[in-house]
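These are the residues of each chain, in order.
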Amino acid sequence: MTDRTTFLQNAFAKEYGDPGTHLVRAPGRVNLIGEHTDYNGLPVMPMALQRDLMLLCRTRPDSMVCIANVDLQFEPCSFQVGPKIPPFEPGDWGNYVKAAGQALAQQYTSLRGFDAMVSSNIPIAAGLSSSTALMMASALMILDLNDVAISAPQLMELMASAEHYVGTRGGGMDQAICIGAQPRSASRIDFNPMRITPIPVPSNWRFVIASSLVRAEKSSAVREAYNSRTRECKEALGVVAASLGSPEATSYTGVMSGVPAEDLLEAAEQALDATLLKRFRHVVTEALRVTMAERAMRGDDLDDYGRLMSESHMSLRDDFAVSCEELDRLTEIAIKSGARGARLSGAGFGGCIVALCGADDVDHVIDALETEFYSTRELGGDLADVLFVAEPSKGASVMEV
Ligand code: GLA
């Protein structure tokens, strides 16, 4: 057992008396490119991180779920699994466990619950999917303890809509990469239906993650800003489809497959007001960048991939309006000190950036970020938690302990 699992076992025994019997590990993720495309049915390219959440459990004879955390800022909570679970207050961590419980109880009857202790080293509210890791770990645990078999794509789809329970109308990227990631690879994820394609990360590429130290809490503060983007994207699509004489085209993939991108953007310029045009342009160009980025990664073209990441950041900043001063500053420092490209990652409004460098440049980029950004700020923890190199890792797993 590692130090971390021993610590978790001890905390479990202290809370519940007996040892835990099952352990789930669910990783955080960093999205490399393809931002705010998933809920528009367009591709994304994330990878799972070495940072993960561990949930140690034992089954219960009834349908109660009791959950505690080694991090005492998250208070213990409990609820009964069922098809209609009333939520805790917005922003409460327990809502992610409830989201999993409710979605599964709507599909499967008489589910037994569990007692659980959680330990996570995924930075919180940093755009690295710590909450989805909790939801996916809870779902995997319920399935395992109840001997329910479900295919990975089915679970990805089910959990993508399950997370709407917390009030954010997100897409399916985080849930899919959490269970579908392959070691040493990024993944291209396509939607409707969900497909996940691993892409090996070239061995000399390094992705540096740097937190803006601005919290981006999707289930509370950022929720309305995020949801307004999803509404704008939908509205823009409707107007453009109507202007092209195909109001029946209800998806971005549908509209994009019929018309060359340049013509589509020209039609959008005629049809949309300034704000909707910007949102639409981001979504369409970002989807094209994902396909170009996949090619660049497969061809080991570091410069091209980096350039696409930086273009993505500019589009998120100028057209999608989800960046902030700190994120912009971090990308500037990274690029100036040798990164081939950098962009905000995740929903934005805070959270982190991801910068791409060659193995030879990574120390220099990290030093520059430390000196020029972090040295003058209050970190609220260890530097290694806000600035680190991402290791492309495997997806979630359950084991008996
Ligand atoms: C959040 C959501 C994802 C995705 C990103 C933006 O992380 O959970 O589904 O929409 O924002 O790309």
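Data block above holds the structure.
Residues numbered from 1 in each chain as written. Predicted model: local features only at pLDDT ≥ 70, side-chain atom pairs only at ≥ 80, totals over all residues. Heavy atoms only, no water.

1. Structural notes on the site of the ligand
Neighbouring residues of the ligand: Arg 29, Glu 35, His 36, Asp 38, Tyr 39, Gly 171, Met 173, Asp 174, Lys 218, Tyr 226, Gly 346 and Ala 347. Interatomic distance of 2.5 Å between a side-chain N/O atom of Asp 38 and an oxygen atom of the ligand. Taking Tyr 226, its side chain carries an N or O atom lying 2.5 Å from an oxygen atom of the ligand. Burial of the ligand by the surrounding chains reaches 97%, relative to a free accessible area of 310 Å². Partitioned by chemical class, the residues of the shell around the ligand number four nonpolar, three polar and five charged. (Near = heavy atom within 4 Å. Polar contact = N/O pair within 3.5 Å; in protein donor to acceptor, adjacent residues only side chain to side chain. Areas by Shrake-Rupley, 256 points an atom, 1.4 Å probe, with all protein chains shown as cover. Nonpolar A, V, L, I, M, F, W, Y, C, P; charged D, E, K, R; others polar.)

2. Concerning the sheet that holds strand β3 (residues 64-69)
The mixed open sheet is built from six strands, whose spatial order is β4-β3-β5-β2-β1-β12. The open sheet terminates on both sides in strands that have one partner only, identified here as β4 (77-80) and β12 (397-400). Geometrically, the sheet is characterised by an average inter-axis angle of 25 degrees between neighbouring strands, direction not taken into account. One ladder, built from ten bridges, connects strand β1 (residues 22-33) with strand β2 (residues 45-59); its direction is antiparallel. Along β2, the bridge assignment pairs His 22 with Cys 57. Of the strands in this sheet, β1 and β2 are in contact with helix α10 (residues 302-318), which crosses β1 at around 85 degrees. (Pairing = 2+ DSSP bridges. Helix = DSSP H or I, 4+ residues; strand = E, 2+ residues; numbered from the N terminus. Axes fitted to C-alpha atoms, helices over the stretch in contact; angles between N-to-C directions. Contact = heavy atoms within 4.5 Å.)

3. Some thoughts on the nonpolar core
In this structure, Leu 55, Met 159, Phe 207, Met 297 and Tyr 305 are the most contacted members of the largest nonpolar core, which totals 83 residues. Looking at this core element by element, the count peaks at eleven residues for helix α3 (residues 130-145). Not counting the four nearest positions on each side in its chain, Tyr 305 is found in contact with Leu 32, Ile 33, Met 45, Trp 205, Phe 207, Ala 293, Ala 296, Met 297 and Leu 356. With 51 residues, the next largest nonpolar core counts Tyr 39, Val 222, Ile 333 and Ala 339 among its residues. (Core = buried A, V, L, I, M, F, W, Y, C linked by side-chain atoms within 4.5 Å. Buried < 20%, exposed > 50% of the residue type's maximum accessible area, 1.4 Å probe, protein only.)

4. Comments concerning helix α9 (residues 274-298)
Given 3.6 residues to a turn, an α-helix orients residues that are three or four positions apart in the same direction. In this model, α9 (25 residues) spans 36 Å end to end at C-alpha, consistent with the 36 Å of a helix rising 1.5 Å per residue. The opening residue of α9 is Asp 273, an N-cap whose side-chain oxygen sits 3.1 Å from the backbone nitrogen of Thr 275. Positive phi appears at Asp 300, one or two residues downstream of α9, with a value of about 55 degrees. (Expected span 1.5 Å × (residues − 1).)

5. Things to note about the packing of α10 against helix α11 (residues 325-336)
Axis separation between α10 and α11 bottoms out at 12 Å; the angle between their running directions is 160 degrees. By the angle between their axes, α10 is roughly antiparallel relative to α11. Here α10 runs over α11; the crossing is left-handed. Along its contact with α10, which presents Ser 310, His 313 and Arg 317, the element α11 presents Leu 327, Asp 328, Thr 331 and Ile 335. Residue classes in the contact of α10 with α11 are distributed as two nonpolar, three polar and two charged. (Parallel < 35°, antiparallel > 145°, perpendicular 65-115°, else oblique. Left-handed = near helix turned anticlockwise from the far one by under 90°.)

6. A closer look at the sheet that holds strand β10 (residues 352-358)
Spatial ordering of the open sheet is given by β9-β10-β8-β11, a layout of four strands whose pairing is antiparallel. Only two strands of the sheet have a single partner each, and these edge strands are β9 (341-345) and β11 (387-390). When the angles between neighbouring strand axes are averaged without regard to direction, this sheet yields 25 degrees. Lying over the sheet, α10 contacts β8 (205-211), β9 and β10, oriented at roughly 45 degrees with respect to β9.

7. Some remarks on the pairing of β4
Along β4, the buried face is formed by Cys 77 and Phe 79; none of Ser 78 and Gln 80, which line the opposite face, is buried. Two elements, β3 and β4, share four bridges in a ladder whose sense is antiparallel. Residue Met 64 lies in a different strand from β4, and its bridge partner there is Gln 80.

8. Concerning the pattern of salt bridges
Counted according to the given criterion, the structure contains 25 salt bridges. With a shortest N-O distance of 2.8 Å, Arg 60 and Asp 62 are connected by a salt bridge. Between Asp 318 and Arg 317 there is a salt bridge whose closest N-O contact spans 2.7 Å. Residue class for Asp 318 comes out partly exposed when judged on its relative accessible area of 40%. Each of the salt bridges in this network shares a partner with another, and the network as a whole consists of Asp 18, Arg 58, Arg 60, Asp 62 and Asp 115. (Salt bridge = Lys/Arg side-chain N within 4 Å of Asp/Glu carboxyl O.)

9. Here we look at the packing of aromatic side chains
In this structure the tally under the stated criterion is eight aromatic pairs. With a centroid separation of 5.5 Å and an interplanar angle of 65 degrees, the aromatic rings of Tyr 39 and Tyr 226 are classed as edge-to-face. Of the two residues, Tyr 39 sits in the loop between β1 and β2 while Tyr 226 sits in helix α6 (residues 223-243), which places them 187 residues apart along the sequence. Classification of Tyr 39 as buried rests on a relative accessible area of 17%. By relative accessible area, Tyr 226 is classed as buried at 6%. Both rings, one in Phe 74 and one in Trp 93, keep their centres 5.6 Å apart while their planes meet at 50 degrees; by these two values the pair is tilted. With a gap of 19 residues between them, Phe 74 in the loop between β3 and β4 and Trp 93 in the loop between β4 and α2 (94-107) connect regions that are remote in the sequence. Each member of the pair, Phe 74 as well as Trp 93, is classed as buried. (Phe/Tyr/Trp six-rings, centres within 6.5 Å; stacked < 30°, edge-to-face > 60°.)

Read these as layout, nothing more, since geometry by itself doesn't imply function.
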